[in-house]
Amino acid sequence: TPYFYKVTMTTALGTSPASETVSATPHPFSSTCTLESSADAYVRGGSTATNNYGSATQLVVKNATTADNYRKGYIRFDLTGQDVHSTPNASLQLIASTWDETTPWQVYGMKNGDAGESWVESSITWNNAPANITTTGDTLVSSRVVFLGTLAPAGVPPLGSVLELRSAALDA
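Summary of the structure given here.

### Some thoughts on the overall build of the protein
Move 1: Scanning the protein from terminus to terminus reveals one helix and ten strands.
Move 2: When the helices and strands of the protein are read in sequence order from the N terminus, they spell out β-β-β-β-β-β-β-β-β-β-α.
Move 3: Across the 172 residues in the protein, those meeting the buried criterion constitute 25%.
Move 4: If you take every contact in the protein between residues at least 6 apart in sequence, the share linking residues at least 24 apart comes to 63%.

See below:
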């Protein structure tokens, strides 16, 4: 819908004559693009460090005091054909099936070759996961990742809650 308007200026000296009529047609919001993950899996440390959990129906993420309980989730999105540089306001949305930890989740993005080409959902393990430091639960190789933000719900979110991460780093 085109909109027509005139502009005047008011100061202590009075009001100016109206400008000529001009029009503007706002453009609708470009659109929302939802991308489903193209691959997802979690990896688990300790005695299960060589196991693959790529066929699991949930991503289990956990930092713990024992290696057998360390878990990290990996999610890949196929951005082929997406003009990511003209799409600000990205968000990552996850649905909580359970949240039994008081520690917020730190979310990282992979850099360069680790961004999607170097792991396969059906074969990723704790020992071969990109940027994973296998001796600790929550550490990654900092030169291979970029910190995107923290998911920190207030309290324990109810089953099915959407947890959303928005950040300038995610937009970039």
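There's plenty left to go through after this.
### With respect to unusual backbone geometry
Move 1: Despite not being glycine, Ala131 shows a phi value in the positive range, around 65 degrees.
Move 2: As for its position among the elements, Ala131 is in the loop between strand S8 (105–110) and strand S9 (145–151).

### Quick look at the pairing of strand S10 (residues 162–165)
In regular strands, side chains alternate between the two faces of the sheet.
Move 1: Burial along S10 is one-sided: Leu163 and Leu165 are buried, and none of Val162 and Glu164, which face the opposite way, are.
Move 2: Bridge count for strand S7 (residues 92–95) against S10 is four bridges, and the pairing is antiparallel. Looking at S10, one finds that Gln93 is bridged to Glu164.

### Quick notes on the pattern of salt bridges
Move 1: Applying the stated criterion across every chain yields a total of one salt bridge.
Move 2: Note that Glu164 and Arg166 form a salt bridge whose closest N and O atoms lie 3.4 Å from each other.
Move 3: Classification of Glu164 by relative accessible area gives partly exposed; the value is 37%.

### Here we look at the side chain of Ser167
Move 1: The topology assignment puts Ser167 in the loop between S10 and helix H1 (168–171).
Move 2: A distance of 2.5 Å separates a polar side-chain atom of Ser167 from the backbone oxygen of Leu148.

### Concerning a nonpolar patch on the surface
Move 1: A grouping of Leu35, Leu59, Val61, Ile75, Phe77 and Leu79 is seen on the molecular surface, where their side chains present a nonpolar patch of about 400 Å² in accessible area.
Move 2: Residue classification places Phe77 among the partly exposed positions, given a relative accessible area of 31%.

### Brief notes about the side chain of Arg71
Move 1: Tracing the backbone through its elements, the reader meets Arg71 in strand S6 (residues 71–76).
Move 2: Residue Arg71 is classed as buried on the basis of its relative accessible area of 11%.

Each value, and the rule that gives it
Residues numbered from 1 in each chain as written. Predicted model: local features only at pLDDT ≥ 70, side-chain atom pairs only at ≥ 80, totals over all residues. Heavy atoms only, no water. Helix = DSSP H or I, 4+ residues; strand = E, 2+ residues; numbered from the N terminus. Buried < 20%, exposed > 50% of the residue type's maximum accessible area, 1.4 Å probe, protein only. Contact = heavy atoms within 4.5 Å. Pairing = 2+ DSSP bridges. Salt bridge = Lys/Arg side-chain N within 4 Å of Asp/Glu carboxyl O. Polar contact = N/O pair within 3.5 Å; in protein donor to acceptor, adjacent residues only side chain to side chain. Patch = residues over 30% accessible without salt bridge, like charges linked within 9 Å, V, L, I, M, F, W, Y side chains within 5 Å. Areas by Shrake-Rupley, 256 points an atom, 1.4 Å probe, with all protein chains shown as cover.

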